Amino acid sequence: MDLTRFSERVLNAITRTSLSIPHAMTFINDLKEKILLGHTITQEEFKRLAEGEVDEIQQAALKIRHAFTGNRLYFYGFIIFQPGQKIDTRLILKEAIGASLRTGHCFDIDLRHNPLSDALRKELMETCREIHERTQMNLVLSHVDLTCEEFLEFQKCGVYAYHEMLAMPRKRLEALPESQRPSRTYDEKLALLKKAHSTGLKISTGGFFDASIPIDEIWEFFADVRKLDLHSFILSEPEWVNEQSDWQNNYTRIHLMRNISLIRFLIPRTVIVLGNVDKYLPDPGKWILNSSANGTRNLCAEAFGISLDDDSDKPHNMGFVIF
């Protein structure tokens, strides 16, 4: 072995470590402290943050999470009616009760923009009222076309939030082939969120952020939604992750953890939900949270494995709110 060349390589490595890592860590830590004091991250700060080491970003993001939203996991239940599917209020009630028995915190009724007749809307309102009275869960309505007056009526029945999935940055959505675009445009979805927000409802949205989306586009996306004072954000991975059961792939794990951590800096007071975790995350709790969590029935130990006593009433989809 050429000891001279080896010594030079070691010296260079030590020099790079001593100069670059402390500097990066100092920036991330300083930015974290500013966020905790109420600072809103700038675009330049966000770009620089995204260049940091994942572990360092995550550790700072965890402290932001603990400060603003606590350190607990709660079960988040969904029921989804696909376009054209009959909306069954009895099934909604059954799924909601099942979710509440699993220490449910939220229950999301996703109507996928199926039309609501006056009679069905009133029936759904009564169902929401009954769910709220029997379970005290936070109810969320998703993807439904309502007037301001109708949003107010649902609030009186226990609905506390409206969710509309923006899915991805505007440029990315508009670049999709027409056959792959959702039925609502980005601006139409944003208008629905603003309408619901104007009535006093809490607001929820979400998106798919894979490695192909540039940092600039992520910034532009959140520049839109941060104005709505988001209560929750559902982070979903693209379908190929689900299809390939790719969670064990280290790249996927690091990328998901990085996205959660970066989003924390953008919307520090917002609850982040991992969407559809039962499909592709067998047991990532310790990996993502890097901490124990408290909650009824110790959900941290059970959470992502869905290892509850009885699966007969498991809702159609699951997520876990990260507090």
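Residues numbered from 1 in each chain as written. Predicted model: local features only at pLDDT ≥ 70, side-chain atom pairs only at ≥ 80, totals over all residues. Heavy atoms only, no water.

Participant: Requested: an account of the confidence of the model for the protein, with residues and values cited.
Facilitator: Counting all residues, the mean pLDDT for the protein is 75, and 68% of those residues have values of 70 or more. When mean pLDDT is taken per element in the protein, helix α6 (residues 148-156) scores highest with 97 and helix α13 (residues 285-289) scores lowest with 33. Note that pLDDT drops below 50 for residues 238-248; the model gives that stretch 20 contacts with residues more than four away or on any other chain. This model gives residues 276-323 a pLDDT under 50, and the stretch forms 146 contacts once residues within four places in sequence are excluded. (pLDDT = per-residue confidence, 0-100. Helix = DSSP H or I, 4+ residues; strand = E, 2+ residues; numbered from the N terminus. Contact = heavy atoms within 4.5 Å.)

Participant: Describe the pairing of strand β3 (residues 138-142), and please don't skip the residues or the numbers.
Facilitator: Taken across its five residues, β3 has four buried, putting it largely inside the fold. Bridge analysis of β3 against strand β4 (residues 159-163) gives four bridges, and the strand direction is parallel. Within β4, the residue paired with V140 across the bridge is A161. Where the polypeptide runs from β3 across α6 and back to β4, its parallel neighbour, the crossover connection is right-handed. (Buried < 20%, exposed > 50% of the residue type's maximum accessible area, 1.4 Å probe, protein only. Pairing = 2+ DSSP bridges. Right-handed = clockwise from strand over helix to strand, strands pointing away.)

Participant: Lay out the layout of surface pockets with the relevant residues and their values.
Facilitator: Here the second largest pocket is characterised by a volume of approximately 410 Å³. Lining the second largest pocket are 21 residues, and of these D229, I267, P268, R269 and T270 sit closest to its centre. Only β5 (202-208) and α11 (250-266) provide two or more residues apiece to the lining of the second largest pocket. Its residues assigned to classes, the lining of the second largest pocket shows eleven nonpolar, six polar and four charged. (1 Å grid on protein atoms, 1.4 Å probe; cavity = no way out; pocket = protein on both sides within 12 Å on 5 of 7 lines; lining within 4 Å. Points joined across faces, edges and corners; volume = space filled by probe spheres on them. Nonpolar A, V, L, I, M, F, W, Y, C, P; charged D, E, K, R; others polar.)

Participant: For unusual backbone geometry, give the residues involved together with the corresponding values.
Facilitator: Phi is positive for H143, which is not a glycine, with a value near 50 degrees. Residue position: H143 is located in the loop between β3 and α6. Non-glycine residue A167 carries a positive phi angle of around 80 degrees. Relative to the helices and strands, A167 resides in the loop between β4 and α7 (170-174).

Participant: Before we move on, could you go through the pattern of salt bridges and cite the residues and values that matter?
Facilitator: Enumeration according to the criterion identifies 15 salt bridges in this entry. Of the charged contacts in the structure, one is a salt bridge between D216 and K47, with a shortest N-O distance of 3.5 Å. In this pair, D216 is assigned in helix α9 (residues 215-225) and K47 in helix α2 (residues 43-50), connecting sequence segments 169 residues apart. Judged by its relative accessible area of 35%, D216 falls in the partly exposed class. Salt-bridge contacts for E220 lead to K171; the nearest nitrogen and oxygen are separated by 3.6 Å. Within this pair, whereas E220 is found in helix α9, its partner K171 is found in helix α7, the two being separated by 49 residues in sequence. The class for E220 is partly exposed, based on a relative accessible area of 35%. When salt bridges that share partners are traced, they join D118, R121 and E150 into one network. (Salt bridge = Lys/Arg side-chain N within 4 Å of Asp/Glu carboxyl O.)

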